Amino acid sequence: MKNILLKNGEIYTHDGILYNGDLFISDSKISEIGKDITKEDAEIIDLNGKKVVPGFIDIHIHGGVGYDVMDASYEALNSISVHLARHGVTSLCATTMTMDVQYISSALKNISDTMKKGTEGAQILGAYVEGPFISKEHKGAQNERHILEPDINIMNEFIEASDNSIKVVALAPEKDINGDFVRYVIQRNIRVSLGHTNATYEETKNAVDHGASLAVHTFNGMRGFQHREPGALGETLLDDRIYGELICDFVHSHPASVKILIKIKGVEKIILISDAMLACGFGDGEYVFGGQKVIVDKGIARTENGSLAGSTLTLDKAVANITKLGIPLSEAIKMASFNAAKAIGIDDRKGSIDIGKDADIVVLDNDLAVNMTIVNGKTVYKK
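Since this is a predicted model, take the numbers as computed values, not measurements.

K.L.:
I'm lost on the packing of aromatic side chains in this one. Help?
P.N.:
A ring pair, where both rings are aromatic, is described by two values, the distance of the centres and the angle of the planes. Overall, the coordinates contain 2 aromatic pairs when judged by the stated rule. Geometrically, the ring pair formed by Phe133 and Phe158 is tilted, given 6.3 Å between the ring centres and 45° between the ring planes. You can see Phe133 sitting in the loop between β10 (123-129) and α3 (152-161) and its partner Phe158 sitting in helix α3, a full 25 residues away along the chain. Its relative accessible area of 0% is what places Phe158 among the buried residues. Its relative accessible area of 0% is what places Phe133 among the buried residues. Taken together, the ring pairs in this structure connect Phe133, Phe158 and Phe181 into an aromatic cluster. The residue whose ring lies beneath Arg188 is Tyr184, and the NZ or CZ to ring-centre distance is 3.5 Å. In this structure, Lys269 is placed above the aromatic ring of Tyr243, and the distance from its NZ or CZ to the ring centre is 4.0 Å.

Structure follows, in structure tokens:
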């Protein structure tokens, strides 16, 4: 793999912004950051002031360009990875749906196999199992026929099929009052994300007390806030132990709601996700998502009963949307990269521009459009 020297960039490190800076990539790592760096054995790329930011990490993504994680094929995951790289995503957690256990297991095995083979675009970090351990009351686009009670035996089947590559599992906390499922899962280094839930405030807090640490797409698929019953949303907003996922497309949540979330939780505890489905990058039309018919109209995906069914959002657009609310780009980037890395325990090697970390880097034009994407030191997209 050839060395790369990025010169004259506006570099967004974890500690601040270096203007007219240089960044040297060697052996797939960030090796040097500074000014006036010279190297004889590197491809030199003059950025002319373009923005250099850490690669985006999408921990909750179902598909894109006509492919779905549940297709359980290398072609599907590789195509999704290439699509994501065009939008600044350098790594992802491939996300499954609530379907028959054998189909979920097959998708998890394929995720593991694809990780070992490698992809041409964004790197797959592992799996996010969204269902089947959720509630019927807030199932959203998940198929009610396949919803199950939390079951350690089934979870073990998933873990085995995935070859221990599951990063996150979703759970409706009212179904695990004694906390046995949460404790079992986190002992296996899997994060528990609370969502698709009708849980009360107390039931949600109980799960966090047992170790749950994320909230599935905050505001959506959860009991909302009432002043006499704060619900799952109240606990998500109030408890600093929880990272709140956010689909910032201004469809799933009103801009004012996004501002409220940021004001209460702070940028350090919010993770931008796409929750994108297979229509992302493909356009309007009829699709099958999670075994159900989904209609995409004007970029908004809904089931036949009107429930939102994932999104057609990309993380570069989510970052741009956040900045439109007055959030500095440096903080928006943390929500799209470092927070996700920290939430799933990989911030020692990904999520920020620091010497020694993986060279997962995105170059943005002044309008925040993706100009170049580098994954583990390899250029996988260039405009």
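K.L.:
I keep staring at the sheet that holds strand β18 (residues 300-303) and nothing clicks. Help me out?
P.N.:
Two orientations exist for strands paired in a sheet by backbone hydrogen bonds: parallel and antiparallel. Strand order in this open sheet of 3 strands is β16-β17-β18, and the pairing throughout is antiparallel. In this open sheet, the two strands that pair with only one neighbour each are β16 (285-289) and β18. Neighbouring strand axes in the sheet, compared pairwise and without regard to direction, differ in orientation by 35° on average. Of the pairings in the sheet, the one linking strand β17 (residues 292-297) to β18 comprises 4 bridges and is antiparallel in character. The residue bridging Val294 from the neighbouring strand is Thr303, located in β18.

K.L.:
Looking at this structure, I do not really get the sheet that holds strand β9 (residues 89-96). What am I missing?
P.N.:
As summarised here, the arrangement of the 8 strands in space is β6-β9-β10-β11-β12-β13-β14-β15, forming an open sheet in which the pairing is parallel. Each end of this open sheet is capped by a strand with a single partner; those strands are β6 (56-61) and β15 (270-273). Both strand β14 (residues 243-247) and β15 contribute to a ladder of 4 bridges, which runs parallel. Within β15, the position partnered with Gly244 by the bridge is Ile270.

K.L.:
In this structure, what is going on with the nonpolar core? I would like to understand it.
P.N.:
Among soluble globular proteins, nonpolar side chains are generally buried collectively. By size, the foremost hydrophobic cluster in this structure holds 102 residues, and its most contacted members are Met155, Phe158, Leu272 and Ile322. When neighbours within four sequence positions are excluded, Met155 is seen to be in contact with Phe133, Ile166, Val169, Phe181, Val185 and Ile190. One finds Leu6, Ile11, Leu23 and Met372 within the second-largest nonpolar core, a separate group that totals 15 residues.

K.L.:
Just checking my understanding: could you explain helix α2 (residues 101-117) for this structure?
P.N.:
A rise of 1.5 Å per residue sets the reference length of α2, with its 17 residues, at 24 Å; its end C-alpha atoms lie 24 Å apart and thus fit the reference within 8%. The complete set of buried residues in α2 reads Val101, Ile104, Ser105, Ala107, Leu108, Asn110, Ile111, Ser112 and Thr114. Its buried side turned inward, α2 meets α1 (74-85), β9, β10, α3 and β11 (166-171). Put simply, Asp100 is the residue that caps the front of α2, since its side-chain oxygen is 3.1 Å from the backbone nitrogen of Gln102.

Scoring rules and cut-offs
- Residues numbered from 1 in each chain as written.
- Predicted model: local features only at pLDDT ≥ 70, side-chain atom pairs only at ≥ 80, totals over all residues.
- Heavy atoms only, no water.
- Phe/Tyr/Trp six-rings, centres within 6.5 Å; stacked < 30°, edge-to-face > 60°.
- Helix = DSSP H or I, 4+ residues; strand = E, 2+ residues; numbered from the N terminus.
- Buried < 20%, exposed > 50% of the residue type's maximum accessible area, 1.4 Å probe, protein only.
- Lys NZ or Arg CZ within 6 Å of the ring centre and 35° of its normal.
- Pairing = 2+ DSSP bridges.
- Axes fitted to C-alpha atoms, helices over the stretch in contact; angles between N-to-C directions.
- Core = buried A, V, L, I, M, F, W, Y, C linked by side-chain atoms within 4.5 Å.
- Contact = heavy atoms within 4.5 Å.
- Expected span 1.5 Å × (residues − 1).
- Polar contact = N/O pair within 3.5 Å; in protein donor to acceptor, adjacent residues only side chain to side chain.

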